[in-house]
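# Chain and residue survey
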Amino acid sequence: MSSRAIVVDRPGEHRLVTGDVPVPGPGEVLVRVAAAGICMSDREVYDGHRDAAYVRYPVIPGHEWSGTVVAVGEGVAPALVGRKTVAEGFRACGVCERCRCGETSLCTGGYAETGFTEPGAFADHLTVPARLLHPLRDDADLRAAALLEPSAVIAAAVRTGRPSPGERVAVVGAGTLGQLAVQLLAASNPAELVVVDPRGARAEQTRDFGATDALSPDEARAVHGRFDLVVETAGAPTTAASSCLLARRGGRVVLTGMFTAGAVGIDPVHLSLSQLEVRSVFGAPSSAWSDAVRAFGLGLLDPAPLITHEFPLERFGEAVALVGGGGPKTGKVLLSP
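Residues numbered from 1 in each chain as written. Predicted model: local features only at pLDDT ≥ 70, side-chain atom pairs only at ≥ 80, totals over all residues. Heavy atoms only, no water.

## Some words on the overall build of the protein
Convention followed: Helix and strand assignments follow DSSP, with helices taken as H or I runs no shorter than four residues and strands as E runs no shorter than two, numbered in order from the N terminus. Accessible area is worked out with a 1.4 Å probe on protein chains only. A residue is then buried under 20% of its type maximum, exposed over 50%, and partly exposed in between. Residue contacts are counted whenever heavy atoms from the two residues lie within 4.5 Å of one another. Residue exposure ignores everything except the shown protein chains as possible cover, and the areas themselves are Shrake-Rupley values with a 1.4 Å probe.
Scanning the protein from N- to C-terminus turns up 11 helices and 15 strands. C-alpha atoms of the protein, sized along the principal axes, occupy 60 × 40 × 35 Å. A buried classification covers 52% of the 337 residues belonging to the protein. Of all intrachain contacts in the protein linking residues separated by at least 6 positions in sequence, the fraction that spans at least 24 positions is 70%. When the accessible area of the protein is evaluated, it comes to approximately 14500 Å², of which 52% is carbon and sulfur surface.

As structure tokens, then:
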């Protein structure tokens, strides 16, 4: 039996290779990949724009995925075979101070992550430590479950933001993270759930997930200072600063977008006078993964409508070119081995 994988040897160069099926080592499981999402981080790996400390070439990308356990290594419960599952990407050490405090996404034991420094899911099979698994219900939609990695990031943001019923909430950005944020925040029964995005069609789509209004950035100026909680998901140059302007005095702002050098800074005078609580989210700790998987199982989170394109492994080049290309009809792009 053989297994295929996409290998990015260096920026801009990839090949489809066929080899033996990986063998799970002690404490590991072998997963048959059902679907794998392509995000901007994968595009950065392919283009060579990811910080060199956070990628190791040659690499099999793919950190957003779902699949079924088909074999287990020594010391792993055989009952896992046949289970549908997802798994955390960060290979946290589990013993450093941050891990011991439950902040596994801030592990100080050295960076290792599936799809960046370890073989990922743009393949027929992959091996992962069994301790990172989050098994799914038997009837889980594995196509939709491939989006549980970004869902976990948003679950971390929602945990950090502490929404309460009846609050006024804003989400900045209507991309994948923004659409997922609306779904999870709607479950807290906010009085208002407003989405801000310059792409009118994407913002309007969030109404299907519970948003009460969709505004352009210019329209949002009229509601500055209104919201108890603002969740920023865009990572655009101006959205950290603009998100703080949307928050009421004493309000809470959570930044989840991945900003690049040159982004507009947050006005310290506004921060001090408004007494804002500003937090950022990097990845997702184990607890947020549990929240996302639970919400998915309960039907509070449905990523399936965000998927717009699916490709086989052989068409990886075409698929990765769509991501970040700015196409108005391009949502989540999946590879389906």
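Having seen the structure, we can now continue with the description.
## Re the side chain of Asp42
For the record, the criterion: Under the counting rule used here, the positive set is Lys and Arg, the negative set is Asp and Glu, and His together with the chain ends is not counted. Any Lys or Arg side-chain nitrogen found within 4 Å of a carboxyl oxygen on Asp or Glu counts as a salt bridge. N or O atoms closer than or at 3.5 Å make up a polar contact, with two conditions inside protein: a donor-capable atom paired with an acceptor-capable one, and, for residues adjacent in sequence, both atoms drawn from side chains.
Among the secondary structure elements, Asp42 is positioned in helix α1 (residues 40–47). Lys332 provides the closest opposite charge to the buried, unpaired Asp42, separated from it by 6.4 Å. One polar contact links Asp42 to His63, side chain to side chain, over a distance of 3.3 Å. With residues up to four places along the chain from it excluded, the contact list for Asp42 reads Gly37, Pro61, Gly62, His63, Phe116 and Phe122.

## Quick word on the environment of Val55
In this structure, Val55 sits in the loop between α1 and β4 (64–72). Spatially, the C-alpha atom of Val55 lies 5.3 Å from that of Thr117, the residues being 62 residues apart in sequence. Those residues within four positions of Val55 in sequence are excluded, and the remaining contacts are Val45, Arg50 and Phe116.

## A short note on the pattern of salt bridges
Within the structure shown, the criterion is met by 22 salt bridges. Note that Glu277 and Arg162 form a salt bridge whose closest N and O atoms lie 3.0 Å from each other. Note that Glu277 is positioned in strand β13 (residues 277–280) and Arg162 in the loop between α4 (148–161) and β8 (168–172), a separation of 115 residues in sequence. When its relative accessible area of 30% is taken as the criterion, Glu277 is described as partly exposed. Members of the salt-bridge network, linked through shared partners, are Arg4, Arg32, Asp124 and Glu314.

## Some details on the UniProt feature "domain: Enoyl reductase (ER)" (unreviewed entry) in the protein
What counts, and what does not: UniProt positions are given in the numbering used here, feature names are shortened, and annotations may be inferred rather than shown by experiment.
Here the UniProt feature "domain: Enoyl reductase (ER)" (unreviewed entry) sits at residues 9–335. Span residues 9–335 is 26% helix and 25% strand, its end C-alpha atoms 19 Å apart.

## Describing the state of the cysteines
Using the following cut-off: For the purposes of this analysis, a disulfide is any pair of cysteine sulfur atoms at a distance within 2.5 Å.
Enumeration according to the criterion identifies zero disulfides in this entry. You can see Cys96 has no disulfide; the closest cysteine sulfur is in Cys99, sitting 3.6 Å from it.

## Describing the sheet that holds strand β11 (residues 227–232)
The strands making up a sheet are joined through hydrogen bonds of the backbone, oriented either antiparallel or parallel. Threshold: Pairing between strands is defined by DSSP: at least two bridges between them are needed. Interaxial angle, 0 to 180 degrees, is taken between N-to-C directions of lines fitted to C-alpha atoms, where a helix line uses only the stretch in contact.
The six strands lie next to each other as β10-β9-β8-β11-β12-β13, forming an open sheet whose pairing is parallel. The outermost strands of the open sheet, each flanked by one partner alone, are β10 (213–215) and β13. Across the sheet, the mean angle from the axis of one strand to that of its neighbour is 20 degrees, orientation sign disregarded. Sheet analysis places β8 next to strand β9 (residues 192–196), joined by five bridges and oriented parallel. Counted as the bridge partner of Val169 is Leu193 from β9. Across the sheet, helix α5 (residues 176–186) lies against β8, β9 and β11, angled at about 165 degrees from β8, the strand it touches most. Seen against the sheet, helix α8 (residues 239–246) touches β8, β9, β11, β12 (247–255) and β13 and runs at an angle of roughly 145 degrees to β12.

## Brief notes about the packing of aromatic side chains
To keep things clear, this is the line we draw: When two rings of Phe, Tyr or Trp (its six-membered ring) have centres within 6.5 Å they constitute a pair, described as stacked for plane angles under 30 degrees, edge-to-face for angles over 60, and tilted for the intermediate range.
Scanning the model with the defined rule gives five aromatic pairs in all. Look at Tyr46 and Phe316: their rings are 5.6 Å apart centre to centre, the planes differ by 85 degrees, and that puts the pair in the edge-to-face class. In this pair, Tyr46 is assigned in helix α1 and Phe316 in helix α11 (residues 316–322), connecting sequence segments 270 residues apart. For Tyr46, a relative accessible area of 13% puts it in the buried group. For Phe316, a relative accessible area of 2% puts it in the buried group. For the ring pair Phe90 and Tyr111, a centre distance of 6.4 Å and an interplane angle of 70 degrees mean the geometry is edge-to-face. Within this pair, whereas Phe90 is found in the loop between β5 (84–87) and α2 (97–100), its partner Tyr111 is found in the loop between α2 and β6 (125–129), the two being separated by 21 residues in sequence.

## Observations concerning the pairing of strand β1 (residues 2–10)
Sheet analysis places β1 next to strand β2 (residues 13–20), joined by eight bridges and oriented antiparallel. The partner of Val8 across the bridge, within β2, is His14. The loop that links β1 with its antiparallel partner β2 comprises two residues; one of these, Gly12, has a positive phi angle of about 85 degrees.

## Re the pairing of β4
Summarising the sheet, strand β3 (residues 28–38) and β4 pair through eight bridges and their orientation is antiparallel. Opposite Ala36, over in β4, you have Trp65 as the bridge partner. With two bridges joining them, β4 and β5 adopt antiparallel strand pairing. If you follow Thr68 over to β5, its bridge partner there is Lys84.

## So, helix α10 (residues 286–298)
Definition in use: A helix is expected to span 1.5 Å multiplied by its residue count minus one.
Taking 1.5 Å per residue as the helical rise, α10 with its 13 residues ought to reach 18 Å, and the 19 Å between its terminal C-alpha atoms agrees with that figure. Among all positions in α10, only Ala288, Trp289, Asp291, Ala292, Val293, Ala295 and Phe296 are buried. Buried residues in α10 make contact with β5, β7 (133–135), α3 (142–145), α4 and α5. Directly after α10, the chain includes Gly299, whose backbone phi takes a positive value near 85 degrees.

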